[in-house]
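Remarks on the overall topology
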Amino acid sequence: MEHRGATASEEPFVLGIETSCDECAASVVEGGPGRARIVSNVVWSQIDLHEEFGGVVPEIAARAHLETINRVVGEALAEAGVGLDRIGHVAATTGPGLLGGLLVGATFAKALAASAGVPFVPVNHLEAHVLTPRLTDGIGFPYCVALLSGGHAQFIAVRDVGDYRRLGGTIDDAAGEAFDKTAKLLGLAYPGGPSVERAAREGDPKRFDFPAPLAKRAGCDLSFAGLKTAVRLAAQKTAPLTDQDVADICASFQDAVARLLERKAGAALDAFRDSEGEAAPTLVAVGGVAANLVLRGALTRAAEARGVAFVAPPLALCTDNGAMIAYAALERVSAQSIEGDGRVRSRWPLDASAAPLLGAGKRGAKG
Ligand code: KG4
Ligand code: ZN
């Protein structure tokens with residue numbers, strides 16, 4: 001009984017399952033909107049399986065989810081010290097993401113919910129990312145999010161649960177994709193983001209003059225494709241590359257991304273103020289790329305210049321996890337506004353009214 005709070009009878013535990021990409025994750029969360037507690041959080045990463053391919057292979061990911069999901073969910077329940085009889089809702093990501101993995105997680109969750117006699121709650125993966133600061137920091141609505149991960153790069157005005165306005169986003173690659181491709185080009189280990197950040201520490205950010213694409217264009221759309229080409233040309237021109245050359249290219253690339261994000265996050269905060277009629281009290285960075293300390297610094301500067309607070313959830317809750325799925329379900333259950341028919345979908349934009357952005361990511365515009 002030790003995990004039950006005073007209001008536990010109205011607020012049973014929520015089990016959340018995440019399988020949309022290369023993390024097989026499950027978590028038990030309890031509490032209410034803005035005051036929830038993570039009781040257990042188990043993440044099994046498939047990075048090792050995809051490393052030699054330099055990116056996530058959908059078929060391998062789906063099979064691996066199928067082989068691990070039972071164990072991961074079992075561990076999440078065991079760590080929480082709760083049996084299935086104490087779970088009030090079973091949630092799973094039903095999109096956007098890779099269909100094979102989504103099918104494994106959603107089917108498993110539906111079967112579990114049916115056997116426990118509780119509702120299944122379908123969750124939008126992007127919504128789970130953008131609601132995370134309410135789980136980790138208990139922040140109130142509204143706020144402005146920079147969602148920067150392997151499949152996304154967008155700025156979003158978060159007004160309420162289910163009420164999102166996309167302020168701008170990438171017109172070509174996702175933010176993490178730019179890091180992963182740069183790393184691959186330079187022969188650095190997958191996933192590229194941490195490798196590039198590590199190499200950049202020894203490098204000179206001013207040696208190569210890489211462009212900050214769309215910097216001069218108004219608004220807060222992003223672009224990374226031109227930057228990737230500039231990195232490739234610099235590498236070809238400088239080859240054969242010494243370790244110092246690689247470090248300098250990484251530092252110069254990261255500096256260009258930081259300059260771009262500082263400017264565009266500033267533009268996003270301005271767009272938020274104009275469209276919402278009030279300044280955003282908080283800028284939040286979520287997604288794996290938000291782990292980058294140089295980029296966090298750039299986003300902090302953009303926020304501080306406008307008197308806006310900057311929040312970034314702990315790294316483990318920035319990258320894909322089950323706690324954010326359980327928490328998003330908890331918000332939806334509490335608002336009595338469960339969305340989606342439970343069928344999995346590869347695309348599921350947060351702001352359905354926003355026009356599709358060109359290209360937008362290797363996984364076919366997750367956003
Ligand atoms: O959010 P995430 O774990 O998965 C998705 O939903 O996509 O993000 C993974 C992405 C990868 O592209 C990875 O290279 C990038 O986040 N990443 C980073 C860093 N750590 C992870 N990018 C830049 N700097 C980092 N330190
Ligand atoms: Zn994600």
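Residues numbered from 1 in each chain as written. Chains lettered and ligands numbered in written order. Predicted model: local features only at pLDDT ≥ 70, side-chain atom pairs only at ≥ 80, totals over all residues. Heavy atoms only, no water.

**Remarks on the overall build of the protein**
Across its full length, the protein carries 11 helices and 10 strands. In terms of overall dimensions, the protein is globule-like: its C-alpha atoms have a radius of gyration of 20 Å, near the 21 Å expected for 367 residues. When the backbone C-alpha atoms are referred to their principal axes, the protein occupies close to 65 × 50 × 35 Å. Counting every position in the protein, which comprises 367 residues, the buried fraction comes to 56%. Expressed as a percentage of contacts within the protein between residues at least 6 apart in sequence, the contacts between residues at least 24 apart total 74%. (Helix = DSSP H or I, 4+ residues; strand = E, 2+ residues; numbered from the N terminus. Rg over C-alpha atoms; globule rule 2.2 N^0.38 Å. Buried < 20%, exposed > 50% of the residue type's maximum accessible area, 1.4 Å probe, protein only. Contact = heavy atoms within 4.5 Å.)

**Describing the layout of surface pockets**
In this model, the largest pocket occupies a volume close to 700 Å³. Pro191, Pro194, Gly288, Val289 and Thr319 are the residues nearest the centre of the largest pocket, which is lined by 31 residues in total. At the level of elements, helix H4 (125-136), helix H5 (175-185), helix H6 (192-200) and helix H10 (315-318) are the ones that each hand at least two residues to the lining of the largest pocket. When its residues are assigned to classes, the lining of the largest pocket shows 12 nonpolar, 11 polar and eight charged. Two domains each donate at least three residues to the lining of the largest pocket, and these are domain 1 (13-132 + 317-365) and domain 2 (140-312). (1 Å grid on protein atoms, 1.4 Å probe; cavity = no way out; pocket = protein on both sides within 12 Å on 5 of 7 lines; lining within 4 Å. Points joined across faces, edges and corners; volume = space filled by probe spheres on them. Nonpolar A, V, L, I, M, F, W, Y, C, P; charged D, E, K, R; others polar. Domains from an automatic or database assignment.)

**Things to note about the pairing of strand S5 (residues 120-124)**
Remark: a regular strand shows side chains that alternate across the two faces of the sheet. Among the five residues of S5, five are classified as buried, and the element is accordingly described as predominantly covered. A two-sided burial pattern is seen for S5, the buried positions comprising Phe120, Pro122 and Asn124 on one face and Val121 and Val123 on the other. Across five bridges, strand S4 (residues 87-95) lies against S5 in parallel orientation. Bridging across to S5, Ala92 finds its partner in Pro122. Where the polypeptide runs from S4 across helix H3 (residues 99-116) and back to S5, its parallel neighbour, the crossover connection is right-handed. (Pairing = 2+ DSSP bridges. Right-handed = clockwise from strand over helix to strand, strands pointing away.)

**Digging into the domain arrangement of the protein**
We note that the domain assignment places domain 1 (13-132 + 317-365) and domain 2 (140-312) within the protein. With 29 residues of domain 1 at the interface, the matching set in domain 2 holds 34 residues. Buried area between domain 1 and domain 2, both sides added, is near 2,500 Å², and the carbon and sulfur share of it is 61%. At the junction of domain 1 with domain 2, the criterion picks out zero salt bridges. Between domain 1 and domain 2 we count five residue pairs in polar contact (both at pLDDT 80 or more) in total. Taken together, the elements giving at least two residues each to the side of domain 1 that touches domain 2 come down to helix H1 (47-50), H4 and helix H11 (323-334). (Buried area = accessible area lost by both parts, 1.4 Å probe. Salt bridge = Lys/Arg side-chain N within 4 Å of Asp/Glu carboxyl O. Polar contact = N/O pair within 3.5 Å; in protein donor to acceptor, adjacent residues only side chain to side chain.)

**Structural notes on the sheet that holds strand S1 (residues 13-18)**
Spatial strand order, S3-S2-S1-S4-S5: five strands in an open sheet with mixed pairing. The open sheet has two free edges, formed respectively by strand S3 (35-45) and S5, since each of these has just one partner strand. Averaged over neighbouring strand pairs, the angle between their axes works out to 20 degrees when direction is ignored. Here H3 sits on the sheet in contact with S1, S4 and S5, set at roughly 160 degrees to S4. Set on the sheet, H4 makes contact with S1, S3, S4 and S5; between it and S5 the angle comes to about 90 degrees. (Axes fitted to C-alpha atoms, helices over the stretch in contact; angles between N-to-C directions.)

**With respect to unusual backbone geometry**
In this structure, the amide linkage connecting Phe141 to the following residue, Pro142, adopts the cis form with an omega of -10 degrees. Looking at where Pro142 falls in the secondary structure, it is placed in the loop between H4 and strand S6 (143-148). Here the residue pair Ala239 and Pro240 is connected by a cis peptide bond, since its omega of 0 degrees sits within 30 degrees of zero. Along the chain, Pro240 falls in the loop between helix H7 (225-238) and helix H8 (243-276). For Gln336, which is not glycine, the phi dihedral falls at a positive 50 degrees. Topologically, Gln336 is positioned in the segment after H11.

**Concerning the pattern of salt bridges**
One pass over the full model with this rule turns up 20 salt bridges. The shortest N-O distance in the salt bridge between Arg71 and Glu75 comes to 3.2 Å. Within this pair, Arg71 and its partner Glu75 are both found in helix H2 (residues 58-80), separated by four residues, close to a single helical turn. For Arg332, the salt bridge is made with Glu127, and the minimal N-O distance between the two is 2.9 Å. Residue Arg332 is found in helix H11, and its partner Glu127 is found in helix H4; the two are separated by 205 residues along the sequence. Of the residues examined, Glu127 reaches a relative accessible area of 4% and is grouped as buried. One salt-bridge network, held together by shared partners, links Asp173, Glu177, Lys181 and Lys228.

**Topic: the packing of H7 against H8**
With their axes 11 Å apart at the nearest point, H7 and H8 run at an angle of 160 degrees to one another. Put simply, H7 runs roughly antiparallel to H8. Judged by the sense of rotation from one axis to the other, the crossing of H7 with H8 is right-handed. Residue-level contacts link Leu227, Val231, Ala235 and Thr238 of H7 to Asp245, Ile249, Phe253, Ala256 and Val257 of H8. Split by residue class, the contact of H7 with H8 holds seven nonpolar, one polar and one charged. (Parallel < 35°, antiparallel > 145°, perpendicular 65-115°, else oblique. Left-handed = near helix turned anticlockwise from the far one by under 90°.)

**Let's talk about the coordination of the zinc ion (ligand 2)**
Protein-derived ligands of the zinc ion (ligand 2) are His125 (NE2), His129 (NE2) and Asp320 (OD), with the metal-ligand distances lying across 2.1 to 2.2 Å. On the accessibility criterion, Asp320 (11% relative accessible area) is buried. (Donors = N, O, S within 2.8 Å, 3.2 Å for Na, K, Ca; no water.)

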